[in-house]
Amino acid sequence: IQSSILKKSGFNVKTAISGKKAIELVLSGENIDLILMDIDLGNGIDGTEATQVILKERDIPVLFLSSYTEPEIVEKTEGITSYGYVVKNSGDTVLLASIKMAFRLHDERMIVSRQSAKLQALNEELEATNEELNAAFEELEAANEELIQSQNEILISEEKFRNIFT
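Residues numbered from 1 in each chain as written. Predicted model: local features only at pLDDT ≥ 70, side-chain atom pairs only at ≥ 80, totals over all residues. Heavy atoms only, no water.

*Asks:* Help me understand the side chain of Thr77, please; the structure alone is not making it clear to me.
*Replies:* Within the element layout of this structure, Thr77 appears in the loop between α4 (71-75) and β3 (85-87). Within the structure, the side chain of Thr77 is placed 2.6 Å from the backbone oxygen of Val74, a separation counted as a polar contact. Excluding anything up to four places from it in sequence, Thr77 contacts Ile39, Thr48, Phe64, Ser82 and Tyr85. (Helix = DSSP H or I, 4+ residues; strand = E, 2+ residues; numbered from the N terminus. Polar contact = N/O pair within 3.5 Å; in protein donor to acceptor, adjacent residues only side chain to side chain. Contact = heavy atoms within 4.5 Å.)

*Asks:* Help me understand unusual backbone geometry in this model?
*Replies:* Of note in this structure, Asn89 is not a glycine but carries a positive phi near 65°. Among the secondary structure elements, Asn89 is positioned in the loop between β3 and α5 (92-165). You can call Asn89 exposed: its relative accessible area is 69%. (Buried < 20%, exposed > 50% of the residue type's maximum accessible area, 1.4 Å probe, protein only.)

*Asks:* What is the right way to look at the pattern of salt bridges in this model?
*Replies:* Charged atoms that come close allow side chains of opposite charge to pair. In this structure the tally under the stated criterion is 6 salt bridges. The residue Lys76 makes a salt bridge to Asp46 at a minimum N-O spacing of 2.4 Å. Of this pair, Lys76 sits in the loop between α4 and β3 while Asp46 is found in the loop between β1 (35-37) and α3 (47-57), placing the two residues 30 residues apart along the sequence. Given a relative accessible area of 14%, Asp46 falls into the buried group. With its nearest N and O atoms 4.0 Å apart, the salt bridge here joins Arg162 to Glu158. (Salt bridge = Lys/Arg side-chain N within 4 Å of Asp/Glu carboxyl O.)

Take a look at the structure:
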C-alpha cells in the first residue's frame, strides 16, 4: 500500500522483503535517498538490526514505518539514528509529510556535519599557527636574553676601559 502511495507521489520505490535483502540492496551501490524501514521483516533480522548494519556503512535517512505501537517495540528504534517513526495506516498525508521532514532533517544534518568539519580544520590550522607563534616567541625571548647578555658584557667592558684609561 505504501509503495503505491509513494509511486503516485513521484518517488522511485525499491522494495526488499527481508532485513538481509534490505542490507544487500542498500550496500550494493544502488542510488537510494531514503529508507522506509518496517520493524517486522519476518524470519531473520528485524528492521532495527538491518538499519544498524546499513547505517554503519552509509549515511542515509531512515524512517521507520510499522504497525507496532507497543513501547518496547518503539524503544528499539530510539538508539538508532532515524528520522522518525510512522505508524502504518496513519494516512498518506502523514507518511508524505514525514518523508519530506526526514529529507529536510538529513539535509540540515549534512550541512551541520560539513560546517563541523570546516570548523575542525580551522581549529587545527589555528593550533598550528599558535604553535608557530609560541616557537617564534621563544626564539625572540632567547634573542632578547642574548642582547641583554651582550649589553651587560659591553657595560663591563666599558667600565674596564674607563678604569684602565683613568
